[in-house]
Amino acid sequence: NILRPIADITVVAPDSNRSGTSNALTLDRPLSVWQADNGFHVVNGTPSDCVHVALTAIMKEPPDLIVSGINQGQNMGDDTLYSGTVAAAMEGYLFNIPSIAFSQVERGWLHLDAAAQMALKIVMLPKLHLPKPFLLNVNIPSIPLQEMQGIKPARLGKRHMSESVIHAK
């Protein structure tokens, strides 16, 4: 909704939470695609499936930008390899389309409107004229907009070692 005033928007989204699906494409069964009452397209597949279907079957022309998210919970360091949100943006990048994955640092949707406003600011940045295509992974703090202290670009880092599997009997 926050991007509607500045662009023609096509929404293609999974039918359910597909967190942690990484770059998976559904190859073992046919996908179903339908249009919801609000005009959004719904796919019974992964976020990568959604972008792939959007670009190859739904949209007549490629978009200027693909925006994925806002994801609930940060996508930082090695965890981006598991993220469906980042994977959707990566699928756009693989189609040579500039793409941005947005995530909110904390879970729970606290200050989601502020995160959406920051996402709009980032999409509108004049400096966003990066070499195309580009892929950005943006993590937005879960705080009021007036408390955000600007934008800091960074390279993807490493995180701590994964926790061990919890054994259940």
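Here goes a summary of the coordinates provided. (Residues numbered from 1 in each chain as written. Predicted model: local features only at pLDDT ≥ 70, side-chain atom pairs only at ≥ 80, totals over all residues. Heavy atoms only, no water.)

Focus: the sheet that holds strand 5 (residues 99–104)
- Ordered by their spatial adjacency, 3 strands build an open sheet running 4-5-6, and the pairing between neighbours is parallel. The sheet terminates laterally at strand 4 (66–72) and strand 6 (135–140), the two strands that pair on one side only. Recorded for the sheet is a direction-independent mean angle of 15° between the axes of neighbouring strands.
- Pairing between strand 4 and strand 5: 5 bridges, direction parallel. Within the sheet, the bridge partner assigned to Asn71 lies in strand 5 and is Ser103.
- Each of strand 4, strand 5 and strand 6 is contacted by helix 2 (residues 84–94), which is oriented at about 170° to strand 5, the strand it contacts most. (Pairing = 2+ DSSP bridges. Helix = DSSP H or I, 4+ residues; strand = E, 2+ residues; numbered from the N terminus. Axes fitted to C-alpha atoms, helices over the stretch in contact; angles between N-to-C directions. Contact = heavy atoms within 4.5 Å.)

Thoughts on unusual backbone geometry
- Note the cis peptide between Gly69 and Ile70, where omega equals 20°.
- Looking at the secondary structure, you find Ile70 in strand 4.
- That bond from Lys132 to Pro133 is cis: its omega, -5°, falls within 30 degrees of zero.
- Take Pro133: it is sitting in the loop between helix 3 (112–124) and strand 6.
- Phi is positive for Asn96, close to 65°, though the residue is something other than glycine.

With respect to the nonpolar core
- Membership of the largest hydrophobic core comes to 16 residues, with the highest contact counts inside it found for Ile100, Phe102, Val138 and Ile140.
- Those elements giving two or more residues to this core turn out to be strand 5, helix 3 and strand 6.
- When residues of this core are assigned to their parent elements, the largest contribution, 8 residues, is made by helix 3.
- The residues touching Ile140, leaving out its near neighbours within four places in the chain, are Phe102, Ser103, Gln104, Val105, Ala115, Met118, Ala119 and Met148. (Core = buried A, V, L, I, M, F, W, Y, C linked by side-chain atoms within 4.5 Å. Buried < 20%, exposed > 50% of the residue type's maximum accessible area, 1.4 Å probe, protein only.)

Things to note about the sheet that holds strand 3 (residues 41–43)
- If you walk across this open sheet you meet the 3 strands as 1-3-2, and the pairing is mixed. Strands with a single pairing partner mark the edges of an open sheet, and in this sheet they are strand 1 (12–14) and strand 2 (33–35). Across this sheet, the average inter-strand angle for adjacent strands is 30°, counted without regard to direction.
- With 3 bridges joining them, strand 1 and strand 3 adopt parallel strand pairing. When the bridges of strand 3 are listed, Val12 appears paired with His41.
- Contacts from helix 1 (residues 47–58) reach strand 1, strand 2 and strand 3, with the element oriented near 150° to strand 1.

What about the side chain of Ser68?
- Secondary-structure assignment places Ser68 in strand 4.
- The exposure class of Ser68 is buried, given its relative accessible area of 10%.
- Here the side chain of Ser68 touches Thr85 through a polar contact of 2.8 Å, landing on its backbone oxygen.
- The contacts of Ser68, once residues within four sequence positions are left out, are Thr85, Ala88, Ala89, Ile100, Ala101 and Phe102. (Polar contact = N/O pair within 3.5 Å; in protein donor to acceptor, adjacent residues only side chain to side chain.)

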